[in-house]
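# Per-entry structural report
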Amino acid sequence: MSNPVVTHQPAAGSYGTNVQTGEWSSGLCACCSDLLVCALGCFCPLALGCYAANKYGENPCLACVPGGMWSMRTHMRLTYGIQGTLCNDAVMMAFCGWCEMCRMAREIRFRNGEIS
């Protein structure tokens, strides 16, 4: 049994990088495109946060932790390859939190094939 010969080394900075070229599947203000998410977002945003965290595979209590949904948005954006920055994540969650939670829930449902 012979050992394989390494003929190509990884380039600096190419290992473990994440290419972010994608976009969200829906706009920030497209709340009415998914009535379940829209209703939860309007009447009980905390329940929507728990629902989204659970559907994403996180502990539903993440929605109750300060900064929890911000960190979930960042993780979701990086996982799905969606363009953005940490500053953008913070601003969106601080000033458009309810609409952003609706968009995150729609994105999860879209990626899971529950809506089109």
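Below, the structure is looked at part by part.

Parameters and conventions
Residues numbered from 1 in each chain as written. Predicted model: local features only at pLDDT ≥ 70, side-chain atom pairs only at ≥ 80, totals over all residues. Heavy atoms only, no water. Helix = DSSP H or I, 4+ residues; strand = E, 2+ residues; numbered from the N terminus. Contact = heavy atoms within 4.5 Å. Core = buried A, V, L, I, M, F, W, Y, C linked by side-chain atoms within 4.5 Å. Buried < 20%, exposed > 50% of the residue type's maximum accessible area, 1.4 Å probe, protein only. Expected span 1.5 Å × (residues − 1). Phe/Tyr/Trp six-rings, centres within 6.5 Å; stacked < 30°, edge-to-face > 60°. Lys NZ or Arg CZ within 6 Å of the ring centre and 35° of its normal. Polar contact = N/O pair within 3.5 Å; in protein donor to acceptor, adjacent residues only side chain to side chain. Disulfide = S-S within 2.5 Å. Salt bridge = Lys/Arg side-chain N within 4 Å of Asp/Glu carboxyl O.

## A short note on the environment of D34
Within the secondary structure, D34 sits in the segment before α1 (35-43). For the pair formed by D34 and I115, sequence separation is 81 residues and the distance between their alpha carbons is 7.9 Å. Discounting residues that sit within four places of it in the chain, D34 has contacts with R106, R109 and I115.

## Re the nonpolar core
Counting residues in hydrophobic clusters, the biggest one holds 20 residues, and the most contacted among them are L48, A52, M69, M72, M76, M104 and I108. Listed by contribution, the elements that provide at least two residues to this core are α1, α2 (45-56), α3 (68-80) and α5 (97-111). Apart from residues lying up to four places away in sequence, M104 is in contact with W24, M69, M72, R73, M76 and M93.

## Considering α5
With 15 residues, α5 should reach 21 Å at 1.5 Å per residue; the first-to-last C-alpha distance of 21 Å fits that figure. In terms of burial, α5 is largely enclosed, as 11 of its 15 residues are buried. Within α5, the full set of buried residues consists of G97, E100, M101, C102, R103, M104, A105, R106, E107, I108 and R109. Close packing links the buried residues of α5 with α1, α2, α3 and α4 (86-95). A positive backbone phi angle near 80° is found at G113, which sits one or two residues after α5.

## Some points on the packing of aromatic side chains
Inspection of the entire model under this criterion finds 1 aromatic pair. Over the ring of Y80 we find R111, and its NZ or CZ is 4.2 Å from the ring centre.

## Quick notes on the side chain of S26
Mapping S26 onto the fold places it in the segment before α1. Assessed through its relative accessible area of 16%, S26 is described here as buried. Of the polar contacts made by the side chain of S26, one reaches the side chain of R106; its length is 2.9 Å.

## Details of the state of the cysteines
The tally for this structure, following the rule as stated, stands at 0 disulfides. Summary of cysteine pairing: C64 is not part of a disulfide, and the nearest cysteine sulfur, belonging to C50, is at 4.5 Å.

## Here we look at α3
For α3, spanning 13 residues, the distance from its first C-alpha to its last is 18 Å, which sits close to the expected 18 Å at 1.5 Å a residue. Of all the residues in α3, the buried ones are G68, M69, M72, R73, T74, M76 and R77. Among the structural elements, α2, α4 and α5 are those in contact with the buried residues of α3. G81 occupies a position one or two residues after α3 and carries a positive phi of about 70°.

## Some words on the pattern of salt bridges
Evaluated as defined, the whole model comprises 8 salt bridges. With a shortest N-O distance of 2.1 Å, R73 and D89 are connected by a salt bridge. Here the residue R73 occupies a position in helix α3, and D89 occupies one in helix α4, the gap between them amounting to 16 residues. Overall, the relative accessible area of 0% leaves D89 in the buried class. Residue E100 pairs with R103 through a salt bridge whose shortest N-O separation is 2.9 Å.

Shape is all these values report; function is a separate question.
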